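Topology and contacts: notes
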Amino acid sequence: MVKVGIPRALLYYEYYPMWRAFFDALGAELVVSESTTKDVAASGVARVTAETCFPVKIFMGHVISLIGKCDFIFVPAVRSMEEKVHNCSKFLGLPDMTRAVIPECPPLLEVDIDMEKKRELYSSVYALGRHFTWNPLKVRRAAKLALQSHGEYKARMVREGKTPSEVLEGKSEQRDGSSSVALVGHPYLLYDDYVNHRLISRLEGQGVIVLTPEMVSQADMKQATHELAGGSYWTYEDEVIGAGGYYIKKGVVDGVISVMAFGCGPDSVMMHILDRYARRERRPYTCLTLDEHTAEAGLATRVEAFIDMVRKRR
Amino acid sequence: MRIGFPHAGNVYIPIRTALQELGVDFVVPPPTSKRTLDLATKYSPEGVCLPFKLTLGNLIESCELGADTLLQAQGFGVCRLGYYARGQEGILHDMGYNIEMVKFSVSEGNKLLGFMRVFKRISGNASWPKIIMTLRFGLSKLNAVDELESLTHKIRPREEKRGETNQVFKEATLAIENAASHSEVIRLRREYTKRLQSIPQRKDADPLKVGIVGEIFVVLEPFSNLDVERELGKLGVEVVRTLSYSRWVKYSLFLNPLGVDEWREVHKKAWPYLKRDIGGDGWESVGEKVLHSRDWDGMVHLAPFTCLPEIVAQNIMSHTREDLPVLTILCDEQMGRAGMITRLEAFADLLKRRRTKLRSEGLLRN
């Protein structure tokens, strides 16, 4: 059986069930890289220039860890998920960048996802399926199954109030505490325990219920994005501005913590919008910026101080 | 209604001319300075890129001069540019300026028509022929200045007396900026071309040839890149730069809609390494390196700190098979002139040695 490597980084948290359904239907075996460790991060950091954002460095580390364990590595280039809403250049150039900085990596399975060019999208997905089958109908069926399981995955998280790490990795998180905090940001920052220094369990350890963007329905996020920013500009804007705006507006949580990677282009503007909105609505809000130099003690202090502030305020 | 607009290299020349000809009340913000940058960093999001900060600074300074209607570019690219007008409008409102932001697209749709509509709107419904004439007049000034500037790139490293080229070019810019008619622009262009060419040049000069590529704003705004072109010229390096606003206007506004793709060759060269448009000028940066690896001695790659497309380009660029030394300079508000000059000097030394070596092996074209 052909082995396809999936780096446990970036879009993995958002789309893994979709990819699994697709490759399963085509009869490929998936190899997911292990959770991020210090070595994985260090090997990624060594390959790319210093200015590159931390999540991309982590991604490269995962690709390196998959070398020798699979025949292909799946690296999609996601340009846009809806019309006139674009993604960060780093997602677009991801296959090209991976090939450039890791020349020894196995052949990449690339797919261009651009909802503005529907026709090219179909041929791109077919081209991806061609690696496994000559039958276009089989690819079509696989793609349908993939979309279906993606929908189910998303709906399940909203319905049951679960995080991707609970659904994908079977972790269980506590749902009782004396106060609640919404954690907003991209999934690759929120659910990678190495990157955020176990932020979720740290909060839960202090008796805080953690709510995440995945628990908000698509429609609510869209509406909040529209109110705050006049519609999405970036592909993953909803999980930051949409979710953050929703939690701030509804007041169902005691405070909002947003998490961004240092040097992240889209987040640099999104966090600013959120920051201004929280200020206007007079809600506790803080933004944690992460990179490879983030020290655990410093992060813990900031989180504890924020929780103390939130509790005193009540 | 008083119009204000941000600086971006010499873009103020055609805008100023057009507004003047149309009889609109306007202000030209003071040239970008340390004060502009301080104001901008105070009110901008912390991690946003330098072009956002500098243009916001210009807009704040325009508001201080009484502007209430501001021009700003927008568009749907894969970079933050599309967010500039929106974000800056919000920040200015928060600061208490009651302004209106007139946005024009630089990335989609019929850009030429968009520009003309903006001018029609702010001029209080001037006639179309009048708008076309004034835009043509403004653009002829831009073309003249850009043409003279590319001539200075050749002359500066060869001049006998340091600083003479800069002096003549400064006079030329000022004269063209204030020219009253189209024919005067043509005359000045001819006159200053001659004057630049008659600057005494060293016979034995053998300047290095260094290409300048990168993100268009920082490449073309001398304040943001700390005058990298002049500093290179002082070091005896001939600068080659493809990007310019007159070229952008020529292709994006007039020729691209007709199906001419000025970057075709460059994109083709980038293809083995980068197969997709990654937004901004990233694709072109990679392609230019591959295209000119034999006829340039080196390349200076300029980008704002945290620029999305250029970081991808930077990562890919260093792994191409075609060998060309690249110095990437990331521009932000922390940048210091002395540090940059040291890096440029070291880079020029490296290039000189490399050229001597390659020449002795007979591997170089020039």
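Given the structure is predicted, the values throughout are model-derived calculations rather than measurements. (Residues numbered from 1 in each chain as written. Chains lettered and ligands numbered in written order. Predicted model: local features only at pLDDT ≥ 70, side-chain atom pairs only at ≥ 80, totals over all residues. Heavy atoms only, no water.)

Taken together, the contact between chain B and chain A spans 36 residues of the former and 35 residues of the latter. Between chain B and chain A, a total of about 3,100 Å² is buried, with carbon and sulfur atoms accounting for 59% of that surface. Among the residues chain B hides against chain A, the three largest losses belong to B:Tyr83, B:Arg276 and B:Asn315. Together they make up 22% of the total. At the boundary of chain B and chain A, one finds four salt bridges. Among the ionic pairs, A:Asp112 bridges to B:Arg276, the shortest N-O distance being 2.7 Å. Here chain B is connected to chain A by 13 residue pairs in polar contact (both at pLDDT 80 or more). (Contact = heavy atoms within 4.5 Å. Buried area = accessible area lost by both parts, 1.4 Å probe. Salt bridge = Lys/Arg side-chain N within 4 Å of Asp/Glu carboxyl O. Polar contact = N/O pair within 3.5 Å; in protein donor to acceptor, adjacent residues only side chain to side chain.)

Take the pattern of salt bridges next. For the structure shown, the criterion picks out 42 salt bridges over all chains. One salt bridge in this structure joins B:Arg354 and B:Asp323, with 3.5 Å as the shortest N-O distance. Of this pair, B:Arg354 sits in helix H15 (residues 337–360) while B:Asp323 is found in the loop between helix H14 (308–317) and strand E7 (326–331), placing the two residues 31 residues apart along the sequence. Beyond isolated ion pairs, a larger network of salt bridges with shared partners links A:Asp96, A:Arg99, A:Glu110, A:Asp112 and B:Arg276. (Helix = DSSP H or I, 4+ residues; strand = E, 2+ residues; numbered from the N terminus.)

As a further point, take the domain arrangement of chain A. Much of the literature gives interface size as the accessible area that the parts lose upon coming together. Residues and elements named next belong to chain A. Along its sequence, chain A is carved into domain 1 (3–158) and domain 2 (162–313). Computed from C-alpha coordinates alone, the two centres of domain 1 and domain 2 are separated by 25 Å. Note on domain 1 versus domain 2: buried area summed over both sides is about 2,700 Å², and carbon and sulfur give 62% of it. Area buried by domain 1 at its contact with domain 2 is led by Tyr13, Phe54 and Met157, which between them contribute 27% of it. The partner of Lys222 in a salt bridge is Glu82, with the nearest N and O atoms 3.5 Å apart. Our count for the contact surface shared by domain 1 and domain 2 stands at nine residue pairs in polar contact (both at pLDDT 80 or more). Those elements that provide at least two residues to the side of domain 1 that touches domain 2 are helix H1 (12–25), helix H2 (38–47), helix H3 (54–66), strand E3 (72–80), helix H4 (89–92) and helix H7 (136–160). For the side of domain 1 that touches domain 2, the element with the highest residue contribution is H1, accounting for six residues. Split into classes, the residues belonging to the side of domain 1 that touches domain 2 amount to 21 nonpolar, five polar and eight charged. (Domains from an automatic or database assignment. Nonpolar A, V, L, I, M, F, W, Y, C, P; charged D, E, K, R; others polar.)

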